[in-house]
Structures are given as C-alpha cells and as structure tokens.
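The residues making up each chain are set out below.
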Amino acid sequence: MKFSIERGTLLKAVSQAQSVVERRNTIPILANVLIEAEGDSVYFRATDLDIEVVDKAVAQVERAGATTVAATTLHEIVRKLPDGALVSLNADTAAGRLTVEAGRSNFSLATLPKEDFPVMATSEYESNFSAKAEVLRRLFDKSKFAISTEETRYYLNGVYMHVADGEDGKALRCVATDGHRLARIDAPLPAGAEQMPGVIVPRKTVGELRKLLDEDDMEIAVSVSETKVRFATPDITLTSKVIDGTFPDYTRVIPQGNTRRLEVDAADFAKAVDRVATVSSERSRAVKLQLEEDRLILSVNAPDSGAAEEELAVAYSDERLEIGFNAKYLLEIASQVDRENAVFMFNSAGDPTLMREGTDQSAVYVVMPMRV
Amino acid sequence: MSEENDRPDQAPGAPHPRDTARLIGQEHAENAFLEAFASERLHHGWLITGPKGVGKATLAWRIARFLLGTPDVEADGGMFGAPPPPTTLDISPDHPVSHRMAAWAEPGLACITRSINEDTKKLRNEIVVEDIRKLGKFFGLSAADGGRRVVIVDSADEMNTSAANALLKMLEEPPARTTLLLVSHQPTRLLPTIRSRCRILRLSPLGPDDMAAALAQTGIELPQNNDHLAALASGSVGAALRIAALGGMEMYAELVGLLASMPRTDRARALALAEAAAQRNATDKFELLLNMFDILMSRLARTGATGEVPLPEACINESETLRSLGGNAQKGRAWAEVSAEITARTRHGKAVNLDPASLVLDTVFKMQETASR
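I will try to describe carefully the structure that is included in this document. In every chain, residue numbers begin from 1 and rise along the written sequence. Both sets of labels track the order of writing: A upward for chains, 1 upward for ligands. Local features are withheld for residues below a pLDDT of 70 in this predicted model, meaning they are given only at 70 or higher, and side-chain atom pairs are given and counted only at 80 or more; totals for whole chains, interfaces and linings count all residues. Computation of side-chain values covers all heavy atoms of the structure but excludes hydrogens and water.

Turning our eyes to something else, we now look at unusual backbone geometry. Residue and element names in this part refer to chain B. Residue Ser155 is bonded to the preceding Asp154 through a cis peptide linkage, with omega at -5 degrees. Helical segments are the DSSP runs of H or I of at least four residues, strand segments are the runs of E of at least two, and each set is numbered from the N terminus. With respect to the helices and strands, the residue Ser155 is situated in the loop between strand S5 (149-154) and helix H5 (161-172). We note that Lys121 has phi near 60 degrees; this positive angle belongs to a residue other than glycine. Tracing the sequence through the fold places Lys121 in the loop between strand S3 (116-117) and strand S4 (122-123). The buried label goes to any residue with under 20% of its type's maximum accessible area, the exposed label to any with over 50%, and the partly exposed label to all in between, with areas taken from a 1.4 Å probe on protein chains only. Look at Lys121 and you get exposed, because its relative accessible area is 60%. Positive phi, close to 60 degrees, is recorded for Asn353, a residue that is not glycine. Counting through the fold element by element, Asn353 comes out in the loop between helix H14 (329-351) and helix H15 (356-371).

Reports often express the size of an interface as the amount of accessible area lost when the parts come together. On the chain B side, the residues contacting the 19 residues of chain A number 18 residues. For the pair chain A and chain B, the summed buried area comes to about 1600 Å², and 58% of that belongs to carbon and sulfur atoms. Sorting the residues of chain A by area buried against chain B places Asp116(A), Lys241(A) and Asp244(A) first, and these three jointly supply 30% of that buried surface. Any carboxyl oxygen of Asp or Glu within 4 Å of a side-chain nitrogen of Lys or Arg constitutes a salt bridge here. The tally of links between chain A and chain B comes to two salt bridges. Between Lys137(B) and Asp50(A) there is a salt bridge, with the nearest N and O atoms lying 3.0 Å from each other. Throughout, a contact is declared for two residues whenever any of their heavy atoms are within 4.5 Å. Buried area is understood as the total, over both parts, of accessible area removed when two parts are fitted together, assessed with a 1.4 Å probe.

Membership of the largest hydrophobic core comes to 103 residues, with the highest contact counts inside it found for Ile35(A), Phe44(A), Phe140(A), Met161(A), Phe231(A) and Phe269(A). The dominant element in this core, judged by the number of residues it contributes, is helix H5 (residues 266-277) of chain A, at seven residues. Once you skip the residues sitting within four places of it in the chain, Phe44(A) turns out to touch Phe3(A), Leu10(A), Ala13(A), Val14(A), Ala17(A), Val33(A), Leu34(A), Ile35(A), Val53(A), Val54(A), Asp55(A) and Ala57(A). Side-chain atoms within 4.5 Å are what join buried Ala, Val, Leu, Ile, Met, Phe, Trp, Tyr and Cys residues into a set we call a nonpolar core. Of all hydrophobic cores here, the second largest spans 83 residues; its members include Ala239(B), Leu288(B), Leu290(B) and Cys315(B).

The next subject is H15(B). Residue and element names in this part refer to chain B. To estimate how far a helix should reach, multiply one less than its number of residues by 1.5 Å. For H15, with 16 residues, the first-to-last C-alpha span of 23 Å sits near the 22 Å given by 1.5 Å per residue. Every buried residue of H15 is accounted for by Ala357, Leu359, Val360, Leu361, Thr363, Val364, Lys366, Met367, Thr370 and Ala371. If you follow the buried residues of H15, they end up packed against helix H10 (248-260), helix H11 (267-278), helix H12 (283-306), helix H13 (318-325) and H14.

All right, on to the sheet that holds strand S18 (residues 260-264) of chain A then. Residues and elements named next belong to chain A. DSSP bridges decide pairing: two strands pair if at least two such bridges lie between them. If you walk across this open sheet you meet the nine strands as S14-S11-S12-S13-S26-S25-S24-S18-S22, and the pairing is antiparallel. This sheet does not close on itself; its edge strands, each paired only once, are strand S14 (199-202) and strand S22 (315-316). In terms of strand pairing, strand S25 (residues 353-357) meets strand S26 (residues 360-367) through five bridges, oriented antiparallel. In the strand pairing of S26, Arg356 is matched with Val364. Where helix H3 (residues 133-141) meets the sheet, its contacts fall on strand S11 (158-166), strand S12 (169-177), strand S13 (181-188), S14 and S26, and the angle it forms with S13 comes to roughly 165 degrees. Angles shown run from 0 to 180 degrees and are taken between the N-to-C directions of axes, each axis being a line fitted to C-alpha atoms and, for helices, limited to the stretch in contact. In the packing of helix H4 (residues 203-210) onto the sheet, the strands contacted are S11 and S14, and the crossing angle to S14 comes to about 70 degrees.

All names here are of chain A. Mapping Asn157 onto the fold places it in the loop between H3 and S11. Two N or O atoms form a polar contact when they lie within 3.5 Å of each other; inside protein one atom must be a possible hydrogen donor and the other a possible acceptor, and for residues adjacent in sequence the pair counts only when both atoms belong to side chains. Here the side chain of Asn157 touches Ser148 through a polar contact of 2.9 Å, landing on its backbone oxygen. Not counting chain neighbours up to four residues away, the residues in contact with Asn157 comprise Ile147, Ser148, Thr149, Glu150, Glu151, Val201, Pro202, Arg203 and Ile243.

Residues and elements named next belong to chain A. Taken in spatial order, the four strands make up an open sheet running S21-S20-S19-S23, and their pairing is antiparallel. Of all the strands in the sheet, just strand S21 (306-313) and strand S23 (321-326) have a single pairing partner and so form its edges. Each neighbouring strand pair of the sheet contributes to a mean axis angle of 20 degrees, computed without reference to strand direction. Pairing geometry for strand S19 (residues 286-292) and strand S20 (residues 295-302), over five bridges, is antiparallel.

Structure below.
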C-alpha cells in the first residue's frame, strides 16, 4: 500500500477515527486504525468492538492495499506535521512497517496484520432513510441529558429511537430516561423510515454521532436493523451495536391531566435555580418551588450550610402549590429550552411534572418531584 | 505473543490455550458437545471439568471458535436441505474468527479471567464481582452481526462468592444464542447453584501416547527423559510443561535424595531447598515444590498400599527409596495420613502468609517424623 495525502485531510480523517479507540484498551489490535487504500480514496477504520467509524479521504493512491497502525501515534504524528504538508504513507508488508513521510520528517511505525482487525459485517438493514443533520442533532441533543448511567437497568443507558404517533401524525421520536426524568423529542418522520424497528442507541454512540452533525444541511443516511444502527455522511460512516433490551413503556409516565400551568423565562429560571442551589448540600440538592399568583419563590434550606431564597415574576394563575425538585434535574431540563418560555404543568407535590417549550408539542420533558 | 506470558489463564511454560489448535485425547468430550450442537438444542451453560492441564481451556477456546465460526443453518435448510451436521470442532486457522480470536479482537467472545487490581497493579488472586459485571455490558448490547455470543470463564474456581453469585443470574437466563463455558479444576468447590445450571463435560488425564502427541504439538523443547516427566505429570500436559519449565524434575530428584537419607535429615540440603522456595518472585517454584511433596507422598503411599513401586520411575533410583520407606501397608497408610495433614497445614500456612521457607522445613520435618516411625 502506498499513497500520498494532504496533511489537513489526513488529520481530519485520523482524528475522527481515533476518537472511538478506547483509551484504557489493552488489546493491541483495537488500538489500531485500519487503513485501506483503493481507487482514489483511503479509508480509515477504527473500532472498540461496539462502535465502528470509517472515514473516507481523497488521496493519490499509488498502490492499493491495507494495513493497521496505532491510531493515537499516527494521530499525534500527523497533528505535529506542518500545515499544508503532503504526507506519504507506504506500507512495507514484509518488514511489518508503515513509513510516514512529510518533507524531511520520516517515521516508521509498527503494524499489525489487517486480518486481525475486527470489521463489522455490512449486514442488511431493515430500514434506510435520510435525515438532515439539524433534525437528528435536535433529537439527540435534547434527549441525551436524561440517559441513565445505572448499569443494572442497562436498557436505559441510551436513547430510544423509534417511530411513534406524534401530535401531527407519525413521528421519528427519541426518548431517554433515568427513572427520575424523561425527555421525549419528536421530529417529522423522514420518508422511508416507516418500517424502522425501535432501537436503543447507546450513550457512547450518541456522543460519537454528535460529531457528525455539525453542518445543518448535511443529509445523514440512517440505516437501522434490530441489532445495529448506522449513520453516514458522504465521508464518515458510524456503525454501532444497539442495546439489547426492551425500553419501558414510557407513555404511562407522561402525565396527561396536569392542570396547573406555570410559564417562566427559561434562562432566568435556570439562573435563579443555580443561585439558590449553591447553599444546598451536595447530595440531595433539593430546591423548593412555592407558587402563588404570578409569583414563584425558589428556596433552599440546608440545616448544615444555610438557606437561600429568590423570587421570580412568572405567569401563574392556579391555586397555591409547594413542590420540591432536585436542582440538577431542574437546571438540565430548563437548559433544553432554547426558543420560548418554559411551560411547567403541575398536578400536586407528589406527582410528576411536565415541561414543554412554549406551545411546542414536539418536545416534552417529565421530572419527578422530591419531598422537601 | 511473548509479552503476555503473565496472563492468569496461561500455564507457565505453556502456550496460551487459544493458540493450541488441536486438542488431543479428549474426543469423547468434543463429541458430546457436537452431538448437543447437532441436536439444535444447545444448552447455554457448560462446565468443563478435569485435572489441571488436560486441555479444558483449550477445549473452551475450540468450542468458542467453533460456535463463532460456524455459519447458521437456515431454518428450512435452504434449497438443498440442511448441510450435514459438523463432525469436528476444527476451524481453519485462516478463518477470520481464528485471526480475531488470536488477536483478542473477536466481538462475539468475552473471556473472564483474574484481572489486574488498578490500585496495586497486581494480578488479583480471585475473580471479583467487577470482572463478572463487565459481562453486563457484553450482554447489554446487541450481538455483533446478530450472531452468537460466547463467554469463557477461566477458571470458575477462582471466582469469589460474590462473583459467583453475580454470574448466577447471567447463567440462569443469558440473552438468546449465548453460550457460557466455565473451566473448573475442582467443580465440587463451586456453588451448587452454578453446577446445577451447567451441563458437565468431563475431561480425563491423558494416556501415554496422547501425552506424547500433545507435548510434541506444543513445540516446546523437553528433556530426553520423558518417562520421568510423564510419571510426575500423571496425564496432564499442562503439569508436564510446568514441571519442565520450572525445573520440577530436578526438584523431585532432590526430594527423593533428601528422603533417601532419612530417618536422618541432611539439614544443609533441606535448608537449601527451603531457601530456594523462599526467594522473591519464586511463587511458581514454591507452588511446584509443594506439588512435588504431594506427588512424592502419594507415590510412597501407593507403594505401601499395593506393595509395588509405581512405574515408570519419576527419577533415577526412586524405586529403592520408595521401597525402603513405604515398604508395607502400615507405612503406606501413615504416608497417606501425613500427606493429608501436610496439605491442610500448607493451605493454612499460605492463607496466613507464612514464610515459604518455614513451610518447606516444616514439611520436611513432618516427613522425617513419618519416616522414622
């Protein structure tokens, strides 16, 4: 294998690929990136056995072939090369070395045989559709904060992506929950997604996927099967296993009959919560909300460290209510609101509370109260 | 892979079980598994038992390779009917699964062994519950390519109680198309609840011919005097390699030499023996020495009980010593009793971290006492 490539292109491809390589990994081949040169492209493939990323880059291929080399070392080398350099990579199969040359720099890296590298099979997907990066980004960004980290309920360690009946017909829906809060985000169903099986996309995959979604108008090709999910831009393909479990019936926990309505500026609310929570004890971080006619009093009373209180002008016209929440949960759901006011719907101090963004029905959040 | 010689699932001096392609002398176990596979009602939990070093882990890796490398048969058998059921566990070394398994990169396989303690950077003495919990992630995600999943626990005896309990749940209802292979030297010491959830594959010690073939396969240079080695290893390839690698034959000859002078004790010789065992980083040698004591006493007991010297000899001039010290049934019984006593004492001594040298000396004096009876 021999090819030359522009340093910037190479850096982009290698850095994306190496990000899935597990830092604490002890298996040599999994620390490597598989480089395959063919036609006028070079593919960089990295995996942690659960997620696989393939980056395609344009290069002048002199001799087709494939080899594997330590991902972080290659990344560091390319990062330190001067901008605009032309890098030439040449694999010497007999010696088991890959030489990297740029200007006067010359590196020789140890390789491992490409046969040892686990490549995820390109099995058939039950559903293939295309969605704008912007849409997917909203679906995952707004739901991922609620992903559980608890390992016993492993089926909550991801975002449940499925087809559901939304407010305006069928929707592509992402749900995440940890049992204390829940996020349910809808987007119009892309053409071709009707038959998509519901899958739970693992947390790490959600993080890796985010890196593909920076350009608003980029079309992302999504493929889903019962056991795998794939997201692809023209250059990068991310394939991941999904969580092998059944997501609980979340519709039961979304309250339907909450009638007490509070409307508040989300940013002001978040800041106020953050301020009063300063004095609360680390562990519970409970904040009390006292609701009166157009007035909200946030208070924290921690016997060991002190007390805090703050008043906010809000829109509220129902009967008085006192309810407590975990400050962190309130902050996180309030920070999901980006366009309009946050609208909270309460029932009683012991019932789950629902939050929406203004009149928007496509994003719903639920948070459980705390006894204060 | 020379850099991983300290793996907990690898016998000293022997290749790692995943690198051993053929398993010799255990055809009945292989056939039992193949039969279960062909019946399409493969049990998910298998307990592979037998003495150390007869190929239990090799069998586990072979089964794993076989399960992951054998394509699924379509339910209706396809256009030409189902292919005949496989008759061997062999998977070609060029098969992608073999390559990936050799590189520890097979996504369908999880191998649980004792792990490194992050705090002390040392290998733990037992498999702890965190090691087992790693399986949670393995089971939690969908199987690679929707295929099979195989777990090897090597060895199940090393699990502590909480680890065993954590495994129990997974052994009870693993995800579909999952096979758990438990390697166990002493299945009676496992939790009965684990035993009852597994089908048992019993491996037996190897006969002399199989033993020679298996040793030849390892490609390891062995001393010419293979009879002695075979007598000491009693049908276990792993033991043979361990004895050869750590100089066990010389050790045994030394013990017999020491015994020959009994009931007087050659104190200088005994001390030298004890000091060698007490060296730093000589845990393997110390274990082997205790093992040699065991073998020697059991051979003495056998001599007494049967009235005949066990053959072949395990070292030069062994027979005379055995005959003189274990000549009759009464002496044989005495040796058997003291052997059990010494085993208990050394186990206790190791548990309280007693100095290896004193343990060795204690054993020598105990033997002298018996010899002079």
